[in-house]
Structure formats: structure tokens, C-alpha cells
Amino acid sequence: MGKKAGDLPREQRTVYRLLKRSASVWGAAPALHQPDGRGGYRTWSWVEYRQAAEEIACGLRAMGIAAGDVVGLASETRAEFYLADAGVMTNGSIAAAVYTSLPPADQVRTLVNCEPKAVFVENPKMLRTLEASGLGVLAVPRILLEGEAEGATTLEALRELGVKAMVGDQLLMERIEAEVQPSHHAILYLTSGATGEPKMGLVTHNAIVANVDLGPKVIDLDDEDRSLAFLPSAHITQRLVMELLMLRMGVPVYFSEGLSKMPAELRSVKPTFIIAPPRVWERIYASVTTEIRKKPLLIRRLFYLGVGVGNEATRAKEAGREPAPWVKSSLKFFDKVVFAKIRERLGGRLRLAVSGAAPLGRELATFYSSIGLRLIEGYGLTEGGVVALNPIDRPIAGSIGKALPGVELKAAEDGELLIRGETVFSGYYKDPASTAAVLRDGWLHTGDIARVNGDGYWFITGRKKELIVSSNGKKIYPARIEGLFKLEPLINQVLLIGDRLPYMTALITVNAPESERTSEAVQQEVRRIVKSVNRQLAPFEQIRRFKVLERDFSLENGEMTPTMKLRRTRVLENFKAEISELYVGREEF
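Residues numbered from 1 in each chain as written. Predicted model: local features only at pLDDT ≥ 70, side-chain atom pairs only at ≥ 80, totals over all residues. Heavy atoms only, no water.

Draft legend 1. The arrangement of unusual backbone geometry in detail. At K430, a residue that is not glycine, the phi angle is positive and equals roughly 50°. Looking at the secondary structure, you find K430 in the loop between β19 (427–428) and α16 (432–438). Its relative accessible area of 63% is what places K430 among the exposed residues. Despite not being glycine, D441 has its phi angle at roughly 55°, a positive value. (Helix = DSSP H or I, 4+ residues; strand = E, 2+ residues; numbered from the N terminus. Buried < 20%, exposed > 50% of the residue type's maximum accessible area, 1.4 Å probe, protein only.)

Draft legend 2. Structural detail: the sheet that holds strand β27 (residues 543–548). Strands sit in the order β25-β26-β27 across an open sheet of 3 strands; the sheet is mixed. Unpaired on one side and paired on the other, β25 (491–497) and β27 mark the two borders of the sheet. On average, adjacent strands in this sheet sit at an angle of 25° to one another, irrespective of strand direction. When β25 meets strand β26 (residues 504–510), the two strands line up antiparallel, connected through 6 bridges. Within the sheet, the bridge partner assigned to I497 lies in β26 and is T505. Its contacts with the sheet place helix α18 (residues 520–534) against β25, β26 and β27, and it is angled at close to 150° to β27. (Pairing = 2+ DSSP bridges. Axes fitted to C-alpha atoms, helices over the stretch in contact; angles between N-to-C directions. Contact = heavy atoms within 4.5 Å.)

Draft legend 3. Spatial organisation of helix α14 (residues 325–344). The terminal C-alpha atoms of α14, which comprises 20 residues, lie 26 Å apart, in line with the 28 Å expected from a rise of 1.5 Å per residue. All of the buried residues in α14 are V327, F334, V338, F339 and I342. Buried residues in α14 make contact with α12 (278–293), α13 (297–318) and α15 (362–370). (Expected span 1.5 Å × (residues − 1).)

Draft legend 4. Region of interest: the nonpolar core. Core analysis: the largest hydrophobic core is formed by 130 residues, its most contacted members being L32, Y49, F120 and W281. Ranked by the residues each element gives to this core, the list is headed by helix α10 (residues 236–249), at 9 residues. The residues contacting L32, other than those within four sequence positions of it, are R42, T43, W44, Y49, A79, Y82, L83, V253 and F255. Core analysis: the second largest hydrophobic core is formed by 23 residues, I476, A506, V530 and V548 among them. (Core = buried A, V, L, I, M, F, W, Y, C linked by side-chain atoms within 4.5 Å.)

Draft legend 5. Summary view of the pairing of strand β3 (residues 70–74). Taking burial as the measure, the 5 residues of β3 include 5 buried ones, the bulk of the element. Where burial is concerned, the two faces of β3 agree: the one with V70, G72 and A74 and the one with V71 and L73 are both buried. Examined bridge by bridge, β3 and strand β4 (residues 94–97) share 4 bridges and lie parallel to one another. Bridge pairing links V71 to A95 in β4. With helix α3 (residues 79–90) bridging β3 and the parallel β4, this β-α-β connection has right-handed handedness. The pairing of β3 with strand β5 (residues 118–121) spans 4 bridges and is classified as parallel. (Right-handed = clockwise from strand over helix to strand, strands pointing away.)

Draft legend 6. Seen up close, the packing of helix α2 (residues 46–62) against helix α7 (residues 172–179). Viewed as axis vectors pointing N to C, α2 and α7 meet at an angle of 90°, and their least axial separation amounts to 11 Å. Taken together, α2 and α7 sit at an angle that is classed as roughly perpendicular. Contacts between α2 and α7 involve E54, C58 and R61 from the former and L172, M173, I176 and E179 from the latter. A breakdown of the residues in the contact of α2 with α7 according to their chemical character gives 4 nonpolar, no polar and 3 charged. (Parallel < 35°, antiparallel > 145°, perpendicular 65-115°, else oblique. Nonpolar A, V, L, I, M, F, W, Y, C, P; charged D, E, K, R; others polar.)

Here it is as C-alpha cells:
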């Protein structure tokens, strides 16, 4: 067992004090590992982490940036982002990170709307791109996390400025610490914009620390674990879990150089904890099953027989009973012969994997449980923090789990999930009308439709704004139906259509070469899959016609959010002609 740290008293709940306490507990132990581009890592200890944050904070003060000022961050997820983020919040300023996967013009628009007093930018290349896209309208300091550029301050120079300020005023850091209060704002989040234009949400130090203090109550991680970070730092899942929760629990973080290098990084880093969106878990599943289909008949039979045995073990655990002796003994055989090799792809030491940012789907969760990888689902949102997680010892596939200690969840009369607790955000930045629309009578209205079972497990069944009402008045939540396609390796994306229309149709994209996407063979296989899904649906929910598209839905075309959620309205706009064709002629199923 590694070292543990206790909770901060309520009156001390600031991000800096969280970091300060971590440095005192874990000291010289490694905290952050940034790839150096030569196959190795540049490592910061917990003490160096705290020291960097203090120097950055005092450097910002010397630049005239005060508590309450917004500071922008435009960078991929990397160690220097963590240092800058901590430094901004240590100063009492408000850290506002942009999604670097968005078009540069959108990044600039977001930064301008934040009204920052300074902007951290990852490197000279990104700075040139942003300047060319209009960043020049912001007459504020630019600080580079890496490299040098004319007119910009380097991170090293900012830290040197902070050191000089502390030498000249030895009580400076002490005064800054005393000035920043738990009730002050720490982060300005940009929402993903899945159901509308992105908004910016303000979160206090107290909400952040109260949220991460729930971590040790539900998961067992410490400084002997290790994690691999790759999600965008503008997103709450990455920021709160992989940055601030790891800080709270003393877990060292390794940073990925990108999705293309992740397979090798998983094998070399061997993380024990990782969090990823469903799209990553779907792709791993598709890769595994595609390879299995190419194997000899005996191996294929072993794999599917093993998955069946694993499913039986999963059902037993979900029911709160021990699997039958024959299941246990069989599972040991399949684990050694088949499943251990699959888990080795993820490093072989992964003992806790979490799916977040979007619904996972029951079938996918069951598959991972069957092969001995504990993949659990949780629930959080920008406006509420992370508020639910499956119990580690008894997760229920397809559920977001139970409310975290101290968080209240309830379903409104129309099924909307409501949240109350210290983790809830303060409101949208300079948007009181939108704030009043979601914060009502002390409850956060999430927009998600949910139900709870008798054991306290919650299930998300859809989004209020995505509700489809057919022309005969039947109500359909598309997310549930689209989720039924997730175990089909050929299927990439599905969008259900049918609002105020006589029957349901679907736009489908596939995992196939461009030249084959609309071939007769692909059409026939998709038809088979649609028929299989339809057998699981009520007649009014069934897909009567579909269209296989020649391209995927994309971020560049505005059809996906940076967290890979579908923007349904934009997809419907971009494929008007194709949708019209689906309602001409007779139904096919």
C-alpha cells in the first residue's frame, strides 16, 4: 500500500492547498512524466510541481494579473499544461482552456469571449496559427509552454520573473495563499455543445476540491499506481479526474504523444488506471473482434465460448452471487489462453478502467467484464462535476452507477435527472438567463433522462432535447437504440431520424475503405445488422430504411463535438438531401 492523504478542511479548499498538501505527503516521488521526443521522459516530482505552480503564480502577479482575472490556455494535454493550470489557479486567477481540436478561428473566438488577461500557448507553431486566425485582437501577454517566439514570454522566463518577485517580497506567496478563498472561481469550462452552442461554466475552488475528495471514498488509488493521460484538458473528465483527482490521490501521470502512439505507450507505461470515452473502448473492441475473425476456427470458437462463460460470471456478480464452480474453473482456462493476451495490449497491469464523457452501452461494458477487464461507467457533466460511479466491487453494465457520497440525485416528474451538492457549478459566464434555466430551486437540471432501480443504480435513457416524437405521437429516445449498434465492428456511427415523421430511419457510417462503403456487400451486412437490432425494438421504434454514407460524421464539418459526441442538429442540416430520400417510396423493413 502506498501513502494516503486526508481531506482538506472545508475552509482550506483551494487548488493550491491541495497541491501543497500533496507535495508534503509525496515529496520527491515522481508526479508528472512528459515525453521528451527521444523515447524517454522529463519528470517532475510533487515538490517540483508545487514549486512550479508557485513561481508561475508569482510571475503572473508580477505581470499585473490578479485574482479573479481570466487566463486562457491553448495546449494539448501535457505536463506543462498541468503546471500552468495549477499556477493560474494558485494565483487566484481563473483558468480557461480551449479545445485545440476545434478550428483555430473557433479557438480564437472562445479565447476572445473569455476576456483573458494573458494566454498560455503550447508552442510557436500553435501561436502562429492562432495569430493568423485573429488572436491579434487580444492585446495581452502570450506565454509559451514550449519553445520561443518573438513577442512571447517563455514559461522559464515567467518562472524566473516569479522567483525574482518572491525574492523581493518574501511574504508574496503567503499573501496570495491567504487571499484566495474556496468560494472564488478557479476554472472556466467550455461545454462541448452537443445540443447547442457551447457555453462557459464557472466552477469554484470549493466545488473542485469537494469533488476530488470524493475519490478516495469510491476508488482505491495511490502513489503506487500510474495513469496515462490523453483526453483534451478543456474537458471536465480530463481536468477533474486525470489532473486534479490524480493530484489529490498522489497518482503519477504519464502523458501520451497522441492516439497513434497510444498502443505502444500502453505497453511501455503499463498503466493501472485509465479513463477514456466510449469511442476508444469501441475501437479496441472492433480491433480485437476483427482480428479474431481472421483466426483459425478453433481459436474463434475458444474466444466466443470464453466470452460466453465470462458473460455468465458477469451476470452472477451483478446479481450479487458467486459464479458457479464450473464457471470459475472454465474462466481460469480462458483467461490464461485468450483473455490475458488481449489485456496485455493495454499494458497488462490495468486494474481499473473508467468510461466517461458519453454513454458506454451495456453490451460493451459486459464484453470487457467478460474478458477480465474491469471497465466501469461513471457520470459527470461540466455543470455538475463527477457525481456518480459504479461500485468497484459490483458494477452493473449499462448503468452510470450510484450517487457519490454527499451528492443528491433525483428524477423530476418528466424523468430529467436533477443534481444537488457542493460539486455543482456557479453558473454560465456572463449568461444569467442560461444559468437560471438550469439552476432552479437548488437543483441542477441536467437535460438527461434517467431512471433508478431499487438498489440505487442510475441509468441514463436519453436526452430531453434529443427526444424523437413520431407523427403518431410515439416517443423514442435515440441514444438507447443507437447504442445497440456498438458491438458491430462494421458500424462506426449511427444517427436515428424520425421526429414528426411517419417512421424511423437512420444515417449510418461504416468502418470500411472509402471505395467499399456503398458496395453491395457492405449494404447487405448493414441490412443484416439493422434487422438484428430491430428484433430488439418495439414496432414503432424499428428502423424502416437506412442510408450508408460515403464519409464519417466529423469535427471539421461541425457534426461532432471535441469529445466525439454527435451534434444532431448539424448532421440533419448537412445531410438534408439524403434524409429526404429516406422518406420517398415504400418502407423496406
